[in-house]
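# Chains, contacts and geometry: an overview
Now for the letters of each chain:
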Amino acid sequence: MSTRKRYWLMKSEPEDFSIDDLARVGTEPWTGVRNYQARNFMRDGMRVGDEVLFYHSNTDVPGIYGIAEVASTAYPDPSQFKKSSKYFDEKATEETPRWFLVDVGYVRTLAHPISLAQIREHSTDLGEEFALIRKGARLSVLPVTSAQWKLLLSLEKKR
DNA sequence: GCCAACGTTGGC
DNA sequence: GCCAACGTTGGC
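Residues numbered from 1 in each chain as written. Chains lettered and ligands numbered in written order. Predicted model: local features only at pLDDT ≥ 70, side-chain atom pairs only at ≥ 80, totals over all residues. Heavy atoms only, no water.

### Some details on the protein's contact with DNA strand C
For DNA strand C, the full set of nearby residues is Lys11, Tyr55, Ser57, Asn58, Pro62, Leu116, Arg120, Arg138 and Leu139. Protein-proximal atoms of DNA strand C, defined as those within 4 Å of the protein, fall in sugar or phosphate at a share of 67%. At a separation of 3.0 Å, a phosphate oxygen of DNA strand C approaches a polar side-chain atom of Lys11. In this structure, a phosphate oxygen belonging to DNA strand C sits 3.0 Å away from a main-chain N or O atom of Asn58. Among the residues making up the surface near DNA strand C, the classes are represented as 4 nonpolar, 2 polar and 3 charged. (Near = heavy atom within 4 Å. Polar contact = N/O pair within 3.5 Å; in protein donor to acceptor, adjacent residues only side chain to side chain. Nonpolar A, V, L, I, M, F, W, Y, C, P; charged D, E, K, R; others polar.)

Below, the structure is given as structure tokens:
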């Protein structure tokens, strides 16, 4: 089994939680993911030290605004058990939790954000299947290959 | 605010 | 197991 670092992209609405918020708190439990595919990536794919592109969605200029890292192994998302939470899931129990999360740690804020428009310009190189730009894809946690990672971060300097 | 695309739910 | 209805995501 490979121990090589893996790469991911995680979306957040900056009004809810931005890269600046992460910079402030340092580490944050990535609560509220309620999509099975995204959950599986966190639960089964992520390892401490993996690197994460921090993406702002649902905002004026959607795109990659920072770098984060996986700071914990996966554990049950506490919000699924809290009746008062908007993420409460009545079908989840402590014995058989349904939703998992990881802690995400701040690494750095990009000097120049990489906009979705910029990213789209490189769709050929990134691959049409790249879930960030695939038509209609709404995954909030998705894997990034090391080639994609390299290409995307090379756009930081170009602007 | 609109709405296309998609995932989930639940009746049958 | 099908699929219509519904809810959500997220770009624009």
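From this point on, the discussion continues.
### Structural notes on the pattern of salt bridges
Across all of its chains, the model carries 6 salt bridges by this definition. Of the charged contacts in the structure, one is a salt bridge between Arg34 and Asp77, with a shortest N-O distance of 3.1 Å. Remark: Asp77 occurs in the loop between strand S5 (75-76) and strand S6 (100-101) and Arg34 occurs in the loop between strand S2 (27-29) and helix H2 (36-45); sequence separation between them is 43 residues. Asp89 serves as the salt-bridge partner of Arg98, at 3.5 Å between the closest nitrogen and oxygen. Accessibility expressed as a relative area gives 23% for Arg98, which makes it partly exposed. (Salt bridge = Lys/Arg side-chain N within 4 Å of Asp/Glu carboxyl O. Helix = DSSP H or I, 4+ residues; strand = E, 2+ residues; numbered from the N terminus. Buried < 20%, exposed > 50% of the residue type's maximum accessible area, 1.4 Å probe, protein only.)

### Quick look at the protein's contact with DNA strand B
Lining the immediate surroundings of DNA strand B are Tyr36, Lys91, Arg98, Lys135, Gly136 and Arg138. At a separation of 2.6 Å, a base oxygen of DNA strand B approaches a polar side-chain atom of Arg138. Residue composition of the surface near DNA strand B, by class: 1 nonpolar, 1 polar and 4 charged.

### Concerning the UniProt feature "domain: EVE" (unreviewed entry) in chain A
When the UniProt feature table is mapped onto this chain, "domain: EVE" (unreviewed entry) is found at residues 6-154. What you have in residues 6-154 is 23% helix and 30% strand, and the ends, taken at the C-alpha atoms, are 18 Å apart. (UniProt positions renumbered as here; feature names shortened; annotations may be inferred.)

### What to know about the environment of Leu151
Looking at the element boundaries, Leu151 is found in helix H5 (residues 146-158). Taking relative accessible area as the criterion, Leu151 reaches 19% and is therefore assigned buried. Once the C-alpha coordinates of Leu151 and Met10 are considered, the two residues, 141 residues apart in sequence, prove to be 17 Å apart. Excluding residues that lie within four positions of it along the chain, Leu151 makes contacts with His122, Asp125 and Leu126. (Contact = heavy atoms within 4.5 Å.)

### A closer look at H5
Between its first and last C-alpha atoms H5 spans 19 Å; for 13 residues at 1.5 Å apiece the expected length is 18 Å, and the two agree. Looking at H5, one finds that the buried residues are Gln148, Trp149, Leu151, Leu152, Leu153, Leu155 and Glu156. (Expected span 1.5 Å × (residues − 1).)

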